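Coordinates in review
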There are 2 protein chains.
Amino acid sequence: MEQQIHMEYAATKKEKPNAADLQFGRVFTDHMFIMDYTEGKGWYDPRIIPYQPLSLDPAAIVFHYGQTVFEGLKAYVTKEGEARLFRPEKNMERLNRSNDRMCIPRLDETFALSAIKKLVGVDKDWIPTAPGTSLYIRPFVISTEPYLGVAPSKQYQFIVILSPVGAYYKEGINPVKIAVENEFVRAVKGGTGEAKTAGNYASSLKAQELVADKGYAQVLWLDGLEKKYIEEVGSMNVFFKIDGEVVTPALNGSILKGVTRNSVIKLLKHWGIPVTERRISMEEIHQAHLAGKLEEAFGAGTAAVISPIGELAWNENQMIVNDGVTGKIAKQLYDTLTGIQYGTEEDIFDWIVEVK
Amino acid sequence: MEQQIHMEYAATKKEKPNAADLQFGRVFTDHMFIMDYTEGKGWYDPRIIPYQPLSLDPAAIVFHYGQTVFEGLKAYVTKEGEARLFRPEKNMERLNRSNDRMCIPRLDETFALSAIKKLVGVDKDWIPTAPGTSLYIRPFVISTEPYLGVAPSKQYQFIVILSPVGAYYKEGINPVKIAVENEFVRAVKGGTGEAKTAGNYASSLKAQELVADKGYAQVLWLDGLEKKYIEEVGSMNVFFKIDGEVVTPALNGSILKGVTRNSVIKLLKHWGIPVTERRISMEEIHQAHLAGKLEEAFGAGTAAVISPIGELAWNENQMIVNDGVTGKIAKQLYDTLTGIQYGTEEDIFDWIVEVK
Ligand SMILES: Cc1ncc(COP(=O)(O)O)c(C=O)c1O
Ligand SMILES: Cc1ncc(COP(=O)(O)O)c(C=O)c1O
């Protein structure tokens, strides 16, 4: 099943952005990976080609019925100039779980990862070196069959693009303001919340637009059934430190199984800090805050790594967390995770995969 | 604000399919309509061009975050060779409501409709004439800005494509078997169920795939909160006749506001048949069936017009409706609606819009 990746180099190279100008997901490298699928034939013709537009029939299923999945991970470069990935096999695993939910054929995880490594290797000089910067990797699958019936596509493309990125939040590791969402719902049990698929993000835009106008960086989603229990933030899982214990919503089928979330739990356990995955109501957080026991709150995700929450707005309650400054645990997690990623901390859990 | 539509004719014409071979949404006509949007500039450059692939940056938001909406309506041709649309202004209205929910800029409804009419006029000889056939019209908006951040796109394309179609269900007006879905959820209050947007359909694929294996044409969705109340079928609203009264789920924010649904209600009222929009539990339908009072069940949507339900499977209950044959009301609605559409029945409600 091992397939040869065909290589076509870009004739001209694009200019690389200055480290200071780096945003998130606006600039793309010289090359991309692409591979086709046709029912009966399977996945075929893996190739690295110059970054270029896709040519798709206007009736392609992706435009109409959104049958698509994606992933997000990063490549980091060490002081010594070595490129590396952070737990990429977790992203490949999740990509296939998302594929299952969305009726998209599975990918060979080992092969997909080797393709990503090869692509990152080809565009290695695009990995920025300034602190906090990295090369964001976006693998995605789109349904390309030209057919207006609501049915799984018989044709797909698996594509990987790369984008040199600065920090996701302009605020960096500084605390952000988050608004708890009471009206709109992102995902519900039995829906697609656990899959990394387009529709979950499309449905989140409206709520985010409304709170952005009021100065909030993101919304905190509550469960779709009772609007009582905490789910996750925009593109991060969420953690709270209450009276010395760290808690995070359990994986209930409607939130994303974050790689950063899993890494945070592993680190906390390793440090002997109590951490529990369970159902958490917004009322509980509010009571903890009133009692002076809400010690920290932070989001965890690939893009921002750790994002402290300095203010949480819920109905008429404006809860200032940890005086609006970054908490001790959030800082320690951020330093350790980025330390492992950039190679300044020991990789005790064997999380790093080198790109040769 | 009236814009001139630029016209580029196809150099060669494609071969048209035989009426007998017509499927749904597999073949497209010679031309398409396309128009661009850029923030600050608005909608511009409306044009009819030869049907052709779209060229999009692989980072276009539609591929990743599914910010997109669509519509579906049909052009019919009368015995006299006149082309006509059925309540198209309703589709334009709904397109803009979907746009609002998905943070997509509104279209000028009058202009969009005139563009559709012009396109249908250009490809008029593609409207099939055999009974039950028509030209399916698919207007859609996709987000094209190359940006991997979760935020509304600053660039869009509004596109219209046309497809000559046979009956949506191979079974035609014959009753279909429908399975009530207990596990998966299509949409929930606060979500995007009321918008015609890609993610709603992507999330429905899995459930449909599972029941298709058991011989069911579609699933009947229940509410996402309690999984008790009836919502709609795949791409149809649903009606039941119980003890002489026709009932249909009320518009509750999570189901589509179907144009056919509205037309059915109007016709029933006109005929003096009692019709009520309200919350309907699956248990109520089951009890009515046990009591011998479930007289008819049918779906209503543009694609199939009226689709009688001959069997409804709910947990271990297989409910055969009206002995598995098309009911009187379903038949009367189908005949009247298609009669109005094809010009053999009087257009008493002024639903028809002629294409000059
Ligand atoms: C909805 C959502 N939740 C959580 C996360 C965090 O997941 P990860 O840590 O794997 O990046 C993401 C992705 O980045 C996300 O999109
Ligand atoms: C989910 C859903 N419900 C109902 C309908 C019926 O709507 P209409 O009668 O406007 O075609 C459709 C569309 O065709 C649909 O996609």
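For clarity, every value in this text was computed on a predicted model and none was experimentally measured. (Residues numbered from 1 in each chain as written. Chains lettered and ligands numbered in written order. Predicted model: local features only at pLDDT ≥ 70, side-chain atom pairs only at ≥ 80, totals over all residues. Heavy atoms only, no water.)

So, on to the UniProt feature "modified residue: N6-(pyridoxal phosphate)lysine" (unreviewed entry) in chain A. All names here are of chain A. Per the UniProt record, "modified residue: N6-(pyridoxal phosphate)lysine" (unreviewed entry) is annotated on Lys196. By secondary structure assignment, the location of Lys196 is in the loop between strand 10 (176–180) and helix 4 (198–202). Sequence-distant contacts of Lys196, defined by excluding residues within four places in its chain, comprise Thr68, Val69, Phe70, Glu71, Gly72, Arg94, Ser98, Tyr201 and Leu256. (UniProt positions renumbered as here; feature names shortened; annotations may be inferred. Helix = DSSP H or I, 4+ residues; strand = E, 2+ residues; numbered from the N terminus. Contact = heavy atoms within 4.5 Å.)

So, on to the interface of chain A and chain B. Counting residues at the interface gives 60 residues for chain A and 60 residues for chain B. Both faces considered, chain A and chain B share a buried interface measuring about 5100 Å² in area, 63% of it formed by carbon and sulfur atoms. Scanning the region where chain A abuts chain B turns up two salt bridges. Among the salt bridges present, the one from B:Glu145 reaches A:Arg26, with a minimum N-O distance of 3.0 Å. Summed over the shared surface of chain A and chain B, the number is 20 residue pairs in polar contact (both at pLDDT 80 or more). Taken together, the elements giving at least two residues each to the side of chain A that touches chain B come down to strand 4 (54–56), helix 1 (61–65), strand 5 (68–70), helix 2 (88–101), strand 8 (134–143), helix 4 and helix 5 (205–212) of chain A. For strand 4 of chain A and strand 4 (residues 54–56) of chain B, the ladder comprises three bridges, and the chain directions are antiparallel. Each bridged residue has a counterpart across the sheet, and for A:Leu56 the counterpart in strand 4 of chain B is B:Leu54. (Buried area = accessible area lost by both parts, 1.4 Å probe. Salt bridge = Lys/Arg side-chain N within 4 Å of Asp/Glu carboxyl O. Polar contact = N/O pair within 3.5 Å; in protein donor to acceptor, adjacent residues only side chain to side chain. Pairing = 2+ DSSP bridges.)

In this structure the tally under the stated criterion is 29 aromatic pairs over all chains. Here A:Phe28 and A:Tyr51 contribute two aromatic rings whose centre-to-centre distance is 5.5 Å and whose plane-to-plane angle is 5 degrees, an arrangement assigned as stacked. With A:Phe28 in the loop between strand 1 (6–7) and strand 2 (31–38) and A:Tyr51 in the loop between strand 3 (42–50) and strand 4, this pair connects stretches of sequence that are 23 residues apart. The two residues A:Phe28 and A:Tyr51 agree in class, both being buried. Through a chain of ring-to-ring contacts, the aromatic side chains of A:Phe33, A:Tyr37, A:Trp43, A:Tyr156 and A:Phe158 assemble into a single cluster. For the cation-ring pair, B:Lys16 lies above B:Trp126, with the distance from its terminal atom to the ring centre recorded as 4.8 Å. Cation over ring: B:Lys41 sits above B:Tyr44, and NZ or CZ is 3.9 Å from the ring centre. (Phe/Tyr/Trp six-rings, centres within 6.5 Å; stacked < 30°, edge-to-face > 60°. Buried < 20%, exposed > 50% of the residue type's maximum accessible area, 1.4 Å probe, protein only. Lys NZ or Arg CZ within 6 Å of the ring centre and 35° of its normal.)

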